[in-house]
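# Coordinates in review
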Amino acid sequence: MNDVRDVLSTQVRVLTKEGLHARPASQIAAMLSKREAKLTLVKKNDPSARADCSSVLDMLVMAAGFDTELDLHAEGPEAKVALEEVERYFNNKFDEEY
């Protein structure tokens, strides 16, 4: 994780064959509703493709399919906790059974 000007960041990868679909996007937005933090996802190879993680629609429109690399940026009083929670969710394949 990098800490630059009060913005924390890390990299995550979509590990599910369905990509970042409605259920995980809803879960991420729900996680953030409980935190004082703003998280943004940015496609690694397309910085113009960004999504506010509090918006399910933003995340769906970004169309992050299987194996998409994303930069995850967080800011706010609970940025570190929120970033770690969402990063863990990505790494755990959105808690989906395979």
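Before reading further, recall that the structure is shown in the block above.
Let me begin by describing the structure that accompanies this report.

Calculation criteria
- Residues numbered from 1 in each chain as written.
- Predicted model: local features only at pLDDT ≥ 70, side-chain atom pairs only at ≥ 80, totals over all residues.
- Heavy atoms only, no water.
- Helix = DSSP H or I, 4+ residues; strand = E, 2+ residues; numbered from the N terminus.
- Expected span 1.5 Å × (residues − 1).
- Buried < 20%, exposed > 50% of the residue type's maximum accessible area, 1.4 Å probe, protein only.
- Arc of directions from axis to C-beta.
- Contact = heavy atoms within 4.5 Å.
- Salt bridge = Lys/Arg side-chain N within 4 Å of Asp/Glu carboxyl O.

### A short note on helix α3 (residues 79-91)
Taking 1.5 Å of rise per residue, the 13 residues of α3 would be expected to cover 18 Å, and the 18 Å separating its terminal C-alpha atoms lies within 8% of that figure. Those residues of α3 not exposed but buried are Ala 79, Ala 82, Leu 83, Val 86, Glu 87, Tyr 89 and Phe 90. Seen from one end, α3 has its buried residues packed into an arc of 155°, which puts them on one side. Tucked into the core, α3 has its buried residues touching β2 (7-13), α1 (22-33), β3 (38-43) and β5 (69-75). Looking one or two places after α3, you find Lys 93, whose phi comes out positive at around 55°.

### Focus: the pattern of salt bridges
All chains considered together, the criterion is met by eight salt bridges. Two residues, Lys 44 and Asp 71, come together in a salt bridge whose shortest N-O distance is 3.5 Å. One end of the pair, Lys 44, is in the loop between β3 and β4 (46-52); the other, Asp 71, is in strand β5, and 27 residues separate them in sequence. A salt bridge links Lys 80 to Glu 84, with the shortest nitrogen-to-oxygen separation between them at 2.7 Å.

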